[in-house]
Structures are given as structure tokens and as C-alpha cells.
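Structure assessment
One-letter residues, chain by chain:
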Amino acid sequence: MHPSQSELLQLKNLGLASVNILHSIGIRTLDDLRRVGPVEAFINIRSRGINASRVLLYALQGALLDVHWNDLDPDLKARLVKEAERLLARKDSA
């Protein structure tokens, strides 16, 4: 196991499949995830043709906050989805 996989696997909500997806978009460390942020990471994943649900978006945010994704505030979840939809729409129209 690569050391960066181990670091990301230590985070709440992230399993091997999620870590492998993150690696595919160049996110290899916690610092990478912090720098990119959950919404941009989610957009990059979707842009690669990976069919990711909102749960992955929530999981990424929860990983950064050390909170299970299901325990995130509903308002925060709504803001994440709204921002992701806005960015996806912008990419689709470009």
C-alpha cells in the first residue's frame, strides 16, 4: 500500500475505492484534498466519467471535517449540492 493511500484511508468515509478514485484525479494526500476541496474534487471525478453520487460529495466533506457523511448538517449538504450543480452546469455550457 502506498503511504498516501494509507493517509487517505485513515479519514472517515473513505474506503479503498474512494481513495483509488481520488488518486485518479491527482489527489494523493489529505493536503491535496484540502487544497482542492470536496466540491472541485467531486466535479473532477464526474468530469472523468465516473458516476459518483452525492454521497461521495458528502463523504469528501465529512472526511475533511472528521464527521460521518450522514451526520453532516442538512444545510451544509444542500450548499455542497448547489455549488456542485452550479459548477457542473458551467462546465456543460462551456
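Further up the page is the structure itself.
Remember, predicted model here, so these are calculated numbers, not experimental data.

1. Describing the packing of helix 4 (residues 38–47) against helix 5 (residues 54–65)
Two numbers describe how helix 4 lies on helix 5: the axes approach to 9 Å, and their chain directions differ by 145°. Judged by the sense of rotation from one axis to the other, the crossing of helix 4 with helix 5 is right-handed. Every residue of helix 5 that contacts helix 4 at Pro38, Val39, Ala41, Phe42 and Ile45 is listed here: Leu56, Leu57, Leu60, Gln61 and Leu64. Classifying every residue of the contact of helix 4 with helix 5 gives nine nonpolar, one polar and no charged.

2. Observations concerning the packing of aromatic side chains
This model, assessed by the stated rule, comprises one aromatic pair. Note on Tyr58 and Trp69: the rings are 6.3 Å apart at their centroids and 20° apart in plane angle, and the pair reads as stacked. Within this pair, whereas Tyr58 is found in helix 5, its partner Trp69 is found in the loop between helix 5 and helix 6 (74–93), the two being separated by eleven residues in sequence.

3. Quick look at the environment of Leu14
By the element assignment, Leu14 lies in the loop between helix 1 (3–9) and helix 2 (16–24). What makes Leu14 buried here is its relative accessible area of 6%. Considering only alpha carbons, one finds Leu14 and Gly62, 48 residues apart in sequence, at a separation of 9.3 Å. Apart from residues lying up to four places away in sequence, Leu14 is in contact with Leu8, Leu9, Val19, Leu22, Leu60 and Ala63.

Cut-offs and rules
- In this numbering scheme, every chain counts its residues from 1 along its sequence in written order.
- It should be noted that, the model being predicted, local features are given only for residues of pLDDT at least 70 and side-chain atom pairs only at 80 or more, the latter also being counted only at that level, while totals for whole chains, interfaces and linings use all residues.
- Based on all heavy atoms of the structure, the side-chain values leave hydrogens and waters out of the count.
- Orientation is described by axes fitted as lines to C-alpha atoms, over the contacting stretch for helices, and by angles from 0 to 180 degrees between their N-to-C directions.
- Labels follow the DSSP assignment, with helices taken as runs of H or I lasting at least four residues and strands as runs of E lasting at least two, numbered in each case from the N terminus.
- Crossing handedness is defined as follows: a turn of the near helix away from the far one that is anticlockwise and smaller than a right angle gives a left-handed crossing, while the clockwise case is right-handed.
- Any pair of residues with heavy atoms lying within 4.5 Å of one another is described as a contacting pair.
- Three classes are used, and their members are as follows: Ala, Val, Leu, Ile, Met, Phe, Trp, Tyr, Cys and Pro are nonpolar, Asp, Glu, Lys and Arg are charged, and the others, Gly among them, are polar.
- We call Phe, Tyr and Trp rings a pair once their centres come within 6.5 Å, taking the six-membered ring for Trp, and we label the pair stacked below 30 degrees between planes, edge-to-face above 60, and tilted otherwise.
- Think of it in three bands: residues with accessible area under 20% of the maximum for their type are buried, residues over 50% are exposed, and the middle band is partly exposed, with areas taken using a 1.4 Å probe on protein chains only.

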